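# Remarks on the overall topology
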Amino acid sequence: MRLPAARSGGGLGIAAMSYILIDYLRHLSPAWHARLQPVLWTVLALIAITRVPYYRHWTAEFRAAIPFVGSMIFMLSALLFEALSVRFATAVLGLDWHSDTDPLPDTGQWLLLALNEKLPGTIVQILRARIIGLHHFLMLFMMLAFSVLFDSVEAPGLGLGARYMFTMAVGRLLRAITFVSTILPSARPWCVSARFRVPAYPHYWAQKYYVPYASDASAIRQIINQDMAYADVGNYPSDYRLDWGSMSFLIDFLRPTASEGSSWFSLLKKAGGGCNDLIYSGHMLVAVLTAMAWTEAYGGFSSALVWLLVMHSAQREVRERHHYSVDCIVAIYVGILLWKMTGFIWPLKDASKSKRLNKLDKIQSRLLQAAKDSDMDKVTELLKEVEPGGQETQNKGPIKGLWLFACAIIFFALTIVVLAFTLTSDG
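Anyway, here's the lowdown on the structure attached to this text. Small disclaimer: the values here were computed from a predicted structure and weren't measured. Along each chain, numbering runs from 1 in the same order as the chain's sequence is written. A pLDDT threshold of at least 70 governs which residues receive local features in this predicted model, and a stricter bar of 80 or more applies before side-chain atom pairs are shown or counted, although totals over entire chains, interfaces and linings include all residues. Heavy atoms from the whole structure form the basis of all side-chain values; hydrogens and water molecules are not counted.

Bringing the overall build of the protein into the picture now. Broken down by element type, the protein carries 20 helices and zero strands. Out of the 427 residues belonging to the protein, those deemed buried represent 46%. What makes two residues a contact is simply this: any of their non-hydrogen atoms within 4.5 Å. Here the contacts in the protein between residues at least 6 apart in sequence split such that 80% fall between residues at least 24 apart. Accessibility throughout is a Shrake-Rupley quantity obtained with a 1.4 Å probe, and a residue counts as covered only by protein chains that appear here. A total of about 22,400 Å² of accessible surface is found on the protein, and carbon and sulfur atoms cover 65% of it. The secondary structure listing takes helices from DSSP runs of H or I that are at least 4 residues long and strands from runs of E that are at least 2 residues long, numbered from the N terminus. Note on exposure labels: buried denotes an accessible area under 20% of the residue type's maximum, exposed denotes more than 50%, and partly exposed covers the range between, all computed with a 1.4 Å probe on protein chains only.

Ring geometry is summarised as follows: Phe, Tyr and Trp rings, the Trp one being its six-membered ring, pair when their centres sit within 6.5 Å, and such pairs are stacked at plane angles under 30 degrees, edge-to-face over 60 and tilted between the two. Enumeration according to the criterion identifies nine aromatic pairs in this entry. Seen from their ring centres, Phe-74 and Phe-166 are 5.4 Å apart, and the 45 degrees between their planes marks the pair as tilted. With Phe-74 in helix H3 (residues 58–91) and Phe-166 in helix H8 (residues 157–181), this pair connects stretches of sequence that are 92 residues apart. The partly exposed category is assigned to Phe-74, whose relative accessible area is 27%. Among the residues examined, Phe-166 registers a relative accessible area of 25% and is labelled partly exposed. Grouping aromatic residues by their ring pairs yields a cluster made of Phe-88, Trp-205 and Phe-253. The residue whose ring lies beneath Arg-35 is Trp-32, and the NZ or CZ to ring-centre distance is 5.0 Å. For a lysine, the NZ atom is tested; for an arginine, the CZ atom; a charge sits over a ring if that atom is within 6 Å of the ring centre and within 35 degrees of the ring normal.

A word on H3. The terminal C-alpha atoms of H3 lie 48 Å apart, and with 34 residues this matches the ideal 50 Å at 1.5 Å per residue to within 8%. Bend is computed residue by residue as the angle between axes fitted to the seven residues ending at the residue and the seven residues starting at it. The largest bend in H3 comes to about 40 degrees, at Ala-64, with the proline Pro-67 one to four residues further on. Multiply 1.5 Å by the residue count of a helix minus one, and that product is the helix's expected span.

Within the fold, His-98 resides in helix H4 (residues 94–100). In terms of polar contacts, His-98 uses its side chain to reach the backbone carbonyl oxygen of Thr-90, at 2.8 Å. In this structure, His-98 is in contact with Ala-89, Thr-90, Pro-189, Val-192 and Asn-276, ignoring residues within four places of it in sequence. N or O atoms closer than or at 3.5 Å make up a polar contact, with two conditions inside protein: a donor-capable atom paired with an acceptor-capable one, and, for residues adjacent in sequence, both atoms drawn from side chains.

What follows concerns the packing of H3 against H8. For the pair H3 and H8, the least separation of the axes is 8 Å and the interaxial angle reads 20 degrees. As summarised for this structure, H3 and H8 are arranged roughly parallel, according to the angle between their axes. Considering the relative orientation of H3 and H8, their crossing is left-handed. Residue classes in the contact of H3 with H8 are distributed as 25 nonpolar, five polar and four charged. All axes are obtained by fitting lines to C-alpha atoms, using only the stretch in contact for helices, and the reported angles, taken between N-to-C directions, cover 0 to 180 degrees. Small angles under 35 degrees read as roughly parallel and large ones over 145 as roughly antiparallel, with 65 to 115 read as roughly perpendicular and the rest as oblique. By convention the crossing between two helices is left-handed if the near helix lies anticlockwise of the far one by an angle smaller than a right angle, and right-handed if it lies clockwise. Three classes are used: nonpolar for Ala, Val, Leu, Ile, Met, Phe, Trp, Tyr, Cys and Pro, charged for Asp, Glu, Lys and Arg, and polar for all others, with Gly counted as polar.

So, about unusual backbone geometry. For the peptide bond that leads from Ala-155 to Pro-156, omega is 5 degrees, which places it in the cis range. Mapped onto the elements of the fold, Pro-156 is located in the loop between helix H7 (134–146) and H8. In the segment running from Ile-279 into Tyr-280, the intervening peptide bond is cis, with an omega of 5 degrees. Along the chain, Tyr-280 turns up in the loop between helix H13 (264–269) and helix H14 (282–297). Here Asp-227, not a glycine, exhibits a phi torsion of approximately 55 degrees, which is positive. Structurally, the position occupied by Asp-227 is in the loop between helix H11 (217–226) and helix H12 (251–254).

As structure tokens, this is what we get:
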């Protein structure tokens, strides 16, 4: 994949890498991190705000507002479904299954352990370092979207945000459908007992359709031949039941316990990243989508650095056994393919270039005539029509009718930055 040249002298790349380096100081020097990080964010926010009056594409942002809001609602719905699926995959087999089932063999983990013995100690320490996490990739995308204020990225920024969230929502839905269809054991066997309070015994569905046929080869052969559950379920305790009104159907999926409170929504919030092997990796999906957006919208040397950070994050996911190797590999190619499929939401640079060429073709005769007449003012006026956004680019800033919209967008975007930074720091 050929990387496009970075725009505006690579300032966005320098700002992004500065953010990564300063945030890593939390591990090297917490005192300096506490001083420098607020300064960096304050400077970036002030620079962005001072550019607002000179931004020339508010009309395009206004047109992209509805797709942006729709994509956000879609993404939140996908995350809610994913949280439900995470809790179900954790609870349906019970705590005993999670404690007694061995992790799957992972050749990627073996390779990393072998490399620890072969590579120089300094390189191994770099590979182990927690340089970048989920919230870093989200922040990198935020910085990318904000860079439309400096004409570093093709406008509208809300269009880029809509594509990012829509693609992530589709990826999250596919992920939830994938890991809930076949339940795989965690690479960290202690995780469920440390984080969840689900019943120790399996759900009735697992009691009837899985447990009697889990390890007995003759029972498995017999159920294949009969294609019917035939074994005696046995005696198990009854699940704890709550009155959730119209949401009571969720009890069979969430399996609440008396110690977890009475709210179904609080159970979903506790699901977090889950403990089973949730193929494919949600962290890596976010990382790949950020890298794809960066490569397509900005390009240059900084996009290569972002991809290096993606690879570093992938090996850490496997090294620390948050995921199996297959989860990271699948997330990488799924993220790339999904981003390529959603290009209709935010126009590619090639599409913008084609549009400008079409405009140039339309004014070609008038441009030639102005050149023959040595009318440079007319030539300049005609060339302005070819610039992105046409007459919109001639505006010094948002017109009066868009000032309220502009202020609301900036306030909303900065609020999202703060929320993303504070709520996703733990993954």
